[in-house]
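Spelled out, the chains give:
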Amino acid sequence: MNETKDLKFYLKLFSSTFTLSAFTFGGGYVIIPLMRKKFVEQYGWIEEEEMLDLTAIAQSSPGAMAVNAAILIGYRLAGVPGALLTVLATVLPPLITLTVISCFYTAFRDSRAVSAVMKGMQAGVAAVIADVVVTMTQAVARERSVMGWLILFGAFFASTLLDVNIVLIIFCCGVLGAARTLWQRRRKGRA
Amino acid sequence: MMLYLQLCWSFFQIGLFGIGGGYAALPLIRHQVVELHGWLTMGEFVDVITISQMTPGPIAINAATFVGTRICGLPGAIVATIGCVTPSIIIVLTLAYFYYKYRNLNLIQGVLSGLRPGVVALIASAGLSIILLAFWKDGVFSLLPSDIDFWAVGLFAACLLMLRLRKPNPIYVMLGAGTVGGLIYYFLT
């Protein structure tokens, strides 16, 4: 990171995390693609592979994935103060929204207009995730590794059809990756 | 004061043991909030889930805010939220420290190279479940045309096309889908 960490940088970090959190409907897997678009593609602050590593860490740690991912990005860009800043920015939008809504929540829950907009947004969210999945799969394809494809399809199958626990899936992917490295090292040692 | 401590401690436990995110935390929240302390009735708890699906933010944070507000107003919401994120801050920062210290080791490189395609698969799988929810009435796959929401399919295709070709800010795409879809669903269905 060559960027000077002045007030402007912290403001940019805070405001981008805040907006991402404010518009992230539907849980952690929606915010990851959005964070990737913002911090990898748009700002170029974080590398593509690093973002995937951070996602794996966020997913296998306890707590809300959006909060975990925000902590990691804040820490990566500006250390512990950065992490505290991004946590604050992630937590504030739901805190504000829910405080307001809890005052008149029955009206909100039963509103036909609100649910119509939410239904429309759902299709948009699905498209955003699909777009990111296409881009990320292209990155896996570029590595031309059979193991990568096996893990990709195996993990997808396990999580979609078999409903295997996500932490277990991540653990197995890590073990497979480590096993491949050990195997390659042994083969190299013999040659 | 006692109540604030109880709130903070309850949500600390929810934050600590809710591994896997999102719905994995639901049974924990129910146990703490409904069964153990009786802060919410079961009906109110279901409302929190419904509202969480309609508003931004992680479900545990939403629940913390909702419960906190109901019991001791805004200070309660803040205390519960702090309790909820503290375990994440400690654990994730520790992991991040080790990640940046050791990620150049050969073996860790291997582990990470296995994790990356796995993460892509998990995101794809989450995307698929949102597509199911958006396209089919009860989120259950079916080939009957009457079960398929063609407005949602059209909206999805339009958004995806735009994202692939023009690379706009995804937030605008979601807001656009909300506006267009909102008008369609409110007036036409």
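From a predicted model like this one, the values you see are computed outputs, not experimental measurements. (Residues numbered from 1 in each chain as written. Chains lettered and ligands numbered in written order. Predicted model: local features only at pLDDT ≥ 70, side-chain atom pairs only at ≥ 80, totals over all residues. Heavy atoms only, no water.)

(A) Seen up close, the overall build of chain B. Broken down by element type, chain B carries 7 helices and 0 strands. Helices and strands in chain B line up, N terminus first, as α-α-α-α-α-α-α. For 189 residues, the compact-globule formula gives about 16 Å, and the C-alpha radius of gyration of chain B, at 21 Å, lies well above that figure. Across its three principal directions, the C-alpha atoms of chain B cover 55 × 50 × 30 Å. Put simply, chain B has 189 residues, and 50% of those count as buried. Pairs at least 24 apart in sequence give 48% of the contacts found in chain B among residues at least 6 apart. (Helix = DSSP H or I, 4+ residues; strand = E, 2+ residues; numbered from the N terminus. Rg over C-alpha atoms; globule rule 2.2 N^0.38 Å. Buried < 20%, exposed > 50% of the residue type's maximum accessible area, 1.4 Å probe, protein only. Contact = heavy atoms within 4.5 Å.)

(B) Representation of the UniProt feature "transmembrane region" (unreviewed entry) in chain B within the structure. Residue and element names in this part refer to chain B. Residues annotated in UniProt with the feature "transmembrane region" (unreviewed entry) correspond here to residues 74–99, 119–136 and 171–188. The span residues 74–99 carries 100% helix and 0% strand; its end-to-end C-alpha distance comes to 37 Å. Here residues 119–136 runs as 94% helix and 0% strand, with 26 Å between its end C-alpha atoms. (UniProt positions renumbered as here; feature names shortened; annotations may be inferred.)

(C) Representation of the domain arrangement of chain B in the model. Domain assignment breaks chain B into domain 1 (2–143) and domain 2 (149–189). The gap between the C-alpha centroids of domain 1 of chain B and domain 2 of chain B is 27 Å. (Domains from an automatic or database assignment.)

(D) Geometry of the packing of helix α1 (residues 2–17) of chain B against helix α4 (residues 59–102) of chain B. Residue and element names in this part refer to chain B. Between α1 and α4, the least distance of the axes is 7 Å, while the angle of their chain directions is 45 degrees. The angle between α1 and α4 places the two elements in the oblique class. At the point where α1 passes α4, the crossing takes the right-handed sense. Considered class by class, the residues forming the contact of α1 with α4 number 20 nonpolar, 5 polar and no charged. (Axes fitted to C-alpha atoms, helices over the stretch in contact; angles between N-to-C directions. Parallel < 35°, antiparallel > 145°, perpendicular 65-115°, else oblique. Left-handed = near helix turned anticlockwise from the far one by under 90°. Nonpolar A, V, L, I, M, F, W, Y, C, P; charged D, E, K, R; others polar.)

(E) Geometry of the UniProt feature "transmembrane region" (unreviewed entry) in chain A. Residue and element names in this part refer to chain A. Within this numbering scheme, the UniProt entry marks residues 13–35, 83–108, 120–140 and 146–179 as carrying the feature "transmembrane region" (unreviewed entry). Secondary structure across residues 83–108 comprises 96% helix and 0% strand; the distance between its end C-alpha atoms is 33 Å. Here residues 120–140 runs as 100% helix and 0% strand, with 31 Å between its end C-alpha atoms.

(F) Structural context of the interface of chain B and chain A. Listed as interface residues are 83 residues of chain B and, on the opposing side, 96 residues of chain A. Buried area between chain B and chain A, both sides added, is near 8100 Å², and the carbon and sulfur share of it is 76%. The interface formed by chain B and chain A contains 4 salt bridges. Salt-bridge contacts for Asp131 of chain A lead to Arg164 of chain B; the nearest nitrogen and oxygen are separated by 2.7 Å. Applying the counting rule to chain B against chain A returns 12 residue pairs in polar contact (both at pLDDT 80 or more). Of all the secondary-structure elements, those providing two or more residues to the side of chain B that touches chain A are α1, α3 (42–54), α4, α5 (106–135), α6 (150–166) and α7 (170–188) of chain B. Per-element tally for the side of chain B that touches chain A: the top contributor is α5 of chain B, with 25 residues. (Buried area = accessible area lost by both parts, 1.4 Å probe. Salt bridge = Lys/Arg side-chain N within 4 Å of Asp/Glu carboxyl O. Polar contact = N/O pair within 3.5 Å; in protein donor to acceptor, adjacent residues only side chain to side chain.)

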